[in-house]
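# Descriptive analysis of the structure
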Amino acid sequence: MSSAATSNTQTPPFDVWNTSLGTAARSIGSHAFPDALAVTLRLLAPFQMMNGFLYSPDGHAFDLYNEKIVAKRSVIVDRYLAGAFVLDPFYDAICNDNSERMIVMRDLAPDDFTQTEYFRLHYATTEIVDEIGFVLKLESDFVGVLSLSRTGIAPLFSGEDLVRLRAAAPVICALGERHWFHVPSLSLDSQTAPPASKIEHPALTKRELEIVTLILKGHSTLSLAAVLSLSPNTVKVHRRQVYAKLNISSQAELFRLFLA
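Described in the following lines is the structure provided in the data block. (Residues numbered from 1 in each chain as written. Predicted model: local features only at pLDDT ≥ 70, side-chain atom pairs only at ≥ 80, totals over all residues. Heavy atoms only, no water.)

A separate point is empty space enclosed by the protein. Once rolled over the atoms, a probe with the size of a water molecule shows which space is left empty. Throughout the structure, instances matching the rule amount to 1 cavity of 30 Å³ or more. A volume near 170 Å³ is recorded for the largest cavity. Along the walls of the largest cavity sit 16 residues, with N51, F53, Y80, D88 and E131 positioned nearest its centre. Counting only elements with at least two residues in the lining of the largest cavity, the list comes to strand 1 (49-55), helix 3 (73-81), helix 6 (117-123), strand 4 (128-137) and strand 5 (143-151). Class assignment for the residues of the lining of the largest cavity results in 10 nonpolar, 4 polar and 2 charged. (1 Å grid on protein atoms, 1.4 Å probe; cavity = no way out; pocket = protein on both sides within 12 Å on 5 of 7 lines; lining within 4 Å. Points joined across faces, edges and corners; volume = space filled by probe spheres on them. Helix = DSSP H or I, 4+ residues; strand = E, 2+ residues; numbered from the N terminus. Nonpolar A, V, L, I, M, F, W, Y, C, P; charged D, E, K, R; others polar.)

Listed below in structure tokens is the structure:
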């Protein structure tokens, strides 16, 4: 999550942007829409992958758009939907605020995110190096996140890239919502969805489960203390108690216990 690299992309001429945006708008409701939207967004900033997930108000995750992913589906989609999504900073963000907007992974990720088992076993294997998302409010209180990712050796989104994309967010969210609004009722079968994923354990108190969840998401001791309004020493005591109750000694064991 280092600082953004520079980018040579410039704001497209107004007529070029309008033409591309019009093409995307006319394709709403057809299979051509995602490609048309991607073409429009690449006028603002290049990226290697556009994909998206859908989240229900009762804690399930579904595939929104993953037709042109650049890594194995088992890594980016299946493992994520099976439960890894509960540790995703994007999922955390929409649980706290589901308003339409652009979100940026490196602004949301906790301070020790890259040290987590989630990052090592899931996020890093997707080869994503930077990611932004557009939050979409869909029917029945479902929320979608349409992501643009830089992968492999690509540079991070620059500050100028983010300014352009954020300025376009209202219209991108509006188009995405119009296209995918009825996906929850038309395409999803909640009966076949995996059980709603939660971090829970009968031996742990509510406070201890909060500690576990924040550890797994990538919060350091200092970050945990700030989030929970506790002293760092109190956090360390809680952490030792959790590890003792669960008979474990590392975050890797904690991850396997809750999200293997």
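Another aspect to go through is the packing of aromatic side chains. Within a pair of aromatic rings, the relevant descriptors are the distance that separates the centres and the angle that separates the planes. Across all of its chains, the model carries 12 aromatic pairs by this definition. Between F62 and F142 the ring centres are 6.3 Å apart and the planes differ by 40°, which places this aromatic pair in the tilted class. One end of the pair, F62, is in strand 2 (residues 61-65); the other, F142, is in the loop between strand 4 and strand 5, and 80 residues separate them in sequence. The same class applies to F62 and to F142, which are both buried. (Phe/Tyr/Trp six-rings, centres within 6.5 Å; stacked < 30°, edge-to-face > 60°. Buried < 20%, exposed > 50% of the residue type's maximum accessible area, 1.4 Å probe, protein only.)

What follows concerns the nonpolar core. The nonpolar side chains of a soluble globular protein tend to be buried with one another. Core analysis: the biggest nonpolar cluster contains 48 residues, and Y55, Y118, V212, L216, L254 and F258 have the highest contact counts within it. Among the elements that make up this core, the one with the highest residue count is helix 9 (residues 206-217) (6 residues). Every residue in contact with Y55, bar those within four places of it in the chain, is listed here: H60, A61, Y80, F85, D88, Y91, I94, D141, F142, V143 and V145. F47, L54, V104 and I132 belong to the second largest nonpolar core, which has 35 residues in total. (Core = buried A, V, L, I, M, F, W, Y, C linked by side-chain atoms within 4.5 Å. Contact = heavy atoms within 4.5 Å.)

Position of E139 among the secondary structure elements: in the loop between strand 4 and strand 5. Buried and unpaired, E139 has no salt bridge, with R178 as the nearest side chain of opposite charge at 12 Å. Side-chain polar atoms of E139 contact the side chain of H182, separated by 3.1 Å. Separated by 2.4 Å, the side chains of E139 and S185 make a polar contact. (Lys, Arg positive; Asp, Glu negative; His and termini not counted. Salt bridge = Lys/Arg side-chain N within 4 Å of Asp/Glu carboxyl O. Polar contact = N/O pair within 3.5 Å; in protein donor to acceptor, adjacent residues only side chain to side chain.)

What follows concerns helix 9. Every α-helical turn comprises 3.6 residues, leaving residues that sit three or four positions apart pointing alike. Given a rise of 1.5 Å per residue, 12 residues ought to cover 16 Å, and the 17 Å separating the end C-alpha atoms of helix 9 matches this to within 8%. With 9 of its 12 residues buried, helix 9 lies for the most part within the structure. Within the span of helix 9, buried status applies to E208, L209, I211, V212, T213, L214, I215, L216 and K217. On its buried face, helix 9 is in contact with helix 4 (89-96), helix 6, helix 10 (221-228), helix 11 (232-246) and helix 12 (251-259). Downstream of helix 9 by a residue or two, G218 has a phi angle that is positive, lying close to 110°. (Expected span 1.5 Å × (residues − 1).)

Turning our eyes to something else, we now look at the packing of helix 2 (residues 33-42) against helix 7 (residues 159-180). Across the interface, helix 2 lies against helix 7 with an axial gap of 12 Å and an inter-helix angle of 175°. In terms of orientation, helix 2 lies roughly antiparallel with respect to helix 7. In this structure, helix 2 contributes F33, P34, L37 and L41 to the contact, and helix 7 contributes L165, I172, L175, G176, H179 and W180. Here the residues of the contact of helix 2 with helix 7 are counted per class, giving 8 nonpolar, 2 polar and no charged. (Axes fitted to C-alpha atoms, helices over the stretch in contact; angles between N-to-C directions. Parallel < 35°, antiparallel > 145°, perpendicular 65-115°, else oblique.)

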